[in-house]
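Results of the structural survey
Here is what each chain is made of, one letter per residue.
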Amino acid sequence: MKTKPTENHSSRRDFIKKSAVGLAAFTIVPRYVLGGTGFIAPSDKLTKAVIGVGSMGRGHFSYDGTQVVAICDVDKRHLSQAAAMLDKGVKTFGDYRDLIKLPEVDIVHIATPPHWHGVMAVEAANAGKDVWCEKPMTHTIGEGKRVVEAIQKHGRMFRLNTWFRFKDVFYGMGTTVKPIKKLVDSGLLGWPLKVTVGKHTGYDWKFYWVGKDNLAPQPVPPELDYDMWLGPAPYKPYNEHRVHQTFRGYWDYDGGGLSDMGQHYIDPIQYFLGKDDTSPVSVEIDAPQQHTDAVGTWRRITYTYADGCQIILDGEGKDKNVPYIEGPKGKLYPGFKSDIPGLERKLAAFPDPLPQMTDFVESVKNREKFALNEENGHRSCNIVNMGLIALRLGGSLKFDPVKQEFIGDEAANRLINPVMRAPFSI
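Reading the values: the criteria
Residues numbered from 1 in each chain as written. Predicted model: local features only at pLDDT ≥ 70, side-chain atom pairs only at ≥ 80, totals over all residues. Heavy atoms only, no water. Helix = DSSP H or I, 4+ residues; strand = E, 2+ residues; numbered from the N terminus. Buried < 20%, exposed > 50% of the residue type's maximum accessible area, 1.4 Å probe, protein only. Contact = heavy atoms within 4.5 Å. Areas by Shrake-Rupley, 256 points an atom, 1.4 Å probe, with all protein chains shown as cover. Patch = residues over 30% accessible without salt bridge, like charges linked within 9 Å, V, L, I, M, F, W, Y side chains within 5 Å. Salt bridge = Lys/Arg side-chain N within 4 Å of Asp/Glu carboxyl O. Lys, Arg positive; Asp, Glu negative; His and termini not counted. Charge placed at Lys NZ, Arg CZ, Asp CG, Glu CD. Polar contact = N/O pair within 3.5 Å; in protein donor to acceptor, adjacent residues only side chain to side chain. Pairing = 2+ DSSP bridges. Axes fitted to C-alpha atoms, helices over the stretch in contact; angles between N-to-C directions. Parallel < 35°, antiparallel > 145°, perpendicular 65-115°, else oblique. Nonpolar A, V, L, I, M, F, W, Y, C, P; charged D, E, K, R; others polar. Phe/Tyr/Trp six-rings, centres within 6.5 Å; stacked < 30°, edge-to-face > 60°. Lys NZ or Arg CZ within 6 Å of the ring centre and 35° of its normal. Core = buried A, V, L, I, M, F, W, Y, C linked by side-chain atoms within 4.5 Å.

What about the overall build of the chain?
Per the secondary structure count, the chain includes 13 helices and 15 strands. Out of the 426 residues belonging to the chain, those deemed buried represent 55%. If you take every contact in the chain between residues at least 6 apart in sequence, the share linking residues at least 24 apart comes to 65%. Just so you have it, the chain exposes about 18,500 Å², and 53% of that area is on carbon and sulfur atoms.

Quick notes on a negative patch on the surface
Together, Asp44, Asp64, Asp359 and Glu362 make up a negatively charged patch on the protein surface. Tracing the chain through its elements places Asp359 in the loop between α10 (343-347) and α11 (360-366).

Concerning the side chain of His117
By the secondary structure assignment, His117 is in helix α5 (residues 117-126). Polar side-chain contacts of His117 include one of 3.5 Å to the backbone oxygen of Met137. Filtering out sequence-adjacent residues up to four positions away, His117 remains in contact with Ile110, Thr112, Cys133, Glu134, Lys135, Pro136, Met137 and Thr138.

Considering the sheet that holds strand β13 (residues 337-338)
Reading across the sheet, the nine strands line up as β13-β12-β11-β7-β10-β9-β8-β14-β15 and stay open at both edges, with mixed pairing between neighbours. Two strands bound the open sheet, and with one partner strand each, they are β13 and β15 (405-406). The pairing of strand β7 (residues 194-197) with strand β11 (residues 325-326) spans two bridges and is antiparallel. Of the residues in β11, the one forming a bridge with Lys194 is Glu326. Sheet contacts for helix α12 (residues 374-393): β8 (282-286), β9 (300-304), β10 (310-314), β14 (397-400) and β15; angle to β8, the most-contacted strand, approximately 50 degrees.

Quick look at helix α7 (residues 177-186)
Within α7, seven of the ten residues are buried, leaving the element largely enclosed by the surrounding structure. Those residues of α7 that are buried are in contact with α9 (256-273), β11, β12 (331-333) and α10. One or two residues past the end of α7 sits Gly187, with phi positive at roughly 85 degrees.

Examining the packing of α5 against helix α6 (residues 141-153)
Two quantities define a packed helix pair, namely the angle between the axes and the distance from one axis to the other. At a minimum axis separation of 9 Å, α5 and α6 run at an interaxial angle of 10 degrees. On the basis of the axis angle, α5 is roughly parallel to α6. Here Gly118, Ala121, Val122, Ala125 and Asn126 of α5 come into contact with α6, specifically with Glu143, Arg146, Val147, Ala150 and Ile151. Classifying every residue of the contact of α5 with α6 by side-chain character gives six nonpolar, two polar and two charged.

Some points on the packing of aromatic side chains
Scanning the model with the defined rule gives 26 aromatic pairs in all. With 5.9 Å between their ring centres and 70 degrees between their planes, Phe170 and Tyr171 make a pair best called edge-to-face. Residue Phe170 is classed as buried on the basis of its relative accessible area, which comes to 0%. By relative accessible area, which is 27% here, Tyr171 ends up partly exposed. Note on Tyr171 and Tyr265: the rings are 4.9 Å apart at their centroids and 85 degrees apart in plane angle, and the pair reads as edge-to-face. Of this pair, Tyr171 sits in the loop between β6 (158-160) and α7 while Tyr265 sits in helix α9, placing them 94 residues apart in sequence. Taking the relative accessible area as the measure of exposure, Tyr265 reaches 1% and is therefore buried. Across from the ring centre of Tyr271, 5.0 Å away, lies the NZ or CZ of Lys181, which sits over that ring.

Quick notes on the pattern of salt bridges
Across all of its chains, the model carries 23 salt bridges by this definition. For Lys181, the salt bridge identified is with Asp185, shortest N-O distance 3.5 Å. Of this pair, Lys181 and Asp185 both sit in helix α7, four residues apart, which is roughly one turn of that helix. What makes Lys181 buried here is its relative accessible area of 11%.

Details of the nonpolar core
Membership of the largest hydrophobic core comes to 57 residues, with the highest contact counts inside it found for Tyr96, Leu99, Phe158 and Trp229. It is α5 that contributes the most residues to this core, six residues altogether. Residues contacting Trp229, with those up to four places away along its chain left out, are Val74, Pro113, His115, Trp116, Leu224, Arg242, Val243, His244, Phe247 and Tyr253. One finds Val184, Ala390, Ala412 and Ile416 within the second-largest nonpolar core, a separate group that totals 53 residues.

Printed below as a string of structure tokens:
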């Protein structure tokens, strides 16, 4: 939805002419110059800022239809290396709060460790920015709820950066998710369904993302603002294994392989099961006792929905012949193989899934929800976070998908909204 310009046409033309020299470093004219929040520049490009410019963040630089105008990182080394890849006019920041105030920024990309995702997404939405966020969407269930509220309150567009529900070959299945969705919708497999995600169905849980429980304090490198890196997380003495490439091994910032890969694997399942507006009602775990700080491994996590559908996360891989999807009428195996005779011929008689909005630039321009947005992204992230809470507490849990809270377990509910380190809040 476009807003009406508030300036007269002649004064706007004069302003653009006077601004031309200052904007020469860019190949576009930012939207704010031409008429406010809803106005699209003539170049049809959108301006964006990236928070967190390590290896993952730099992958956000070159998306079609956008141009980077600002970057932020708490590590000066990352910041200088990233700045060298971009136009000289790109602004650099050590504090994201300064970056999101820039009026020339249309989209904020969040590529930080997950313990920052919720706070930054909410503050970006409050500042009138659209948001493109790395997975997992948020570090806690409560943060996810706040992101949904902020995005919708301010009418912003949100994209979560996992794409398997709408493009690319879906790991061991040898196909995109579209024909899997079509098969599930057809009813040929029956109902309820059980989906098993593990190495024998083509999914790696990356159990090398584990923490160390004996970290000795080390001096903070001069290029790193460690206090800002921690942000809302509890203070712990610096050790190089806590930050950058190995942060995933610590509960304060992430949740190991489950948090790293879980939303990639689980979000498409929510989609093809038709569960985008709900959550499982229980989570059961089979795992060693977890350390209070360092993430460990697990053997099996089972989620069950109210209608009996299940998602099995298989960490051991004992059953080499397990199907990816099993229903009362048939099974689907990796490579889109099935025990249903003539599956492709039978499936051809059914309609394709409804089309999805899969271009975030068009989503922002037309104010149309992206295929993986704040609502369905929050629901699939809930599944990851339900598993992480069950692992940390060492027991199975019941969940109310409407209230989005655990039933009869105060310890689990405290982990929905853990206290953030001052001055950060959400």
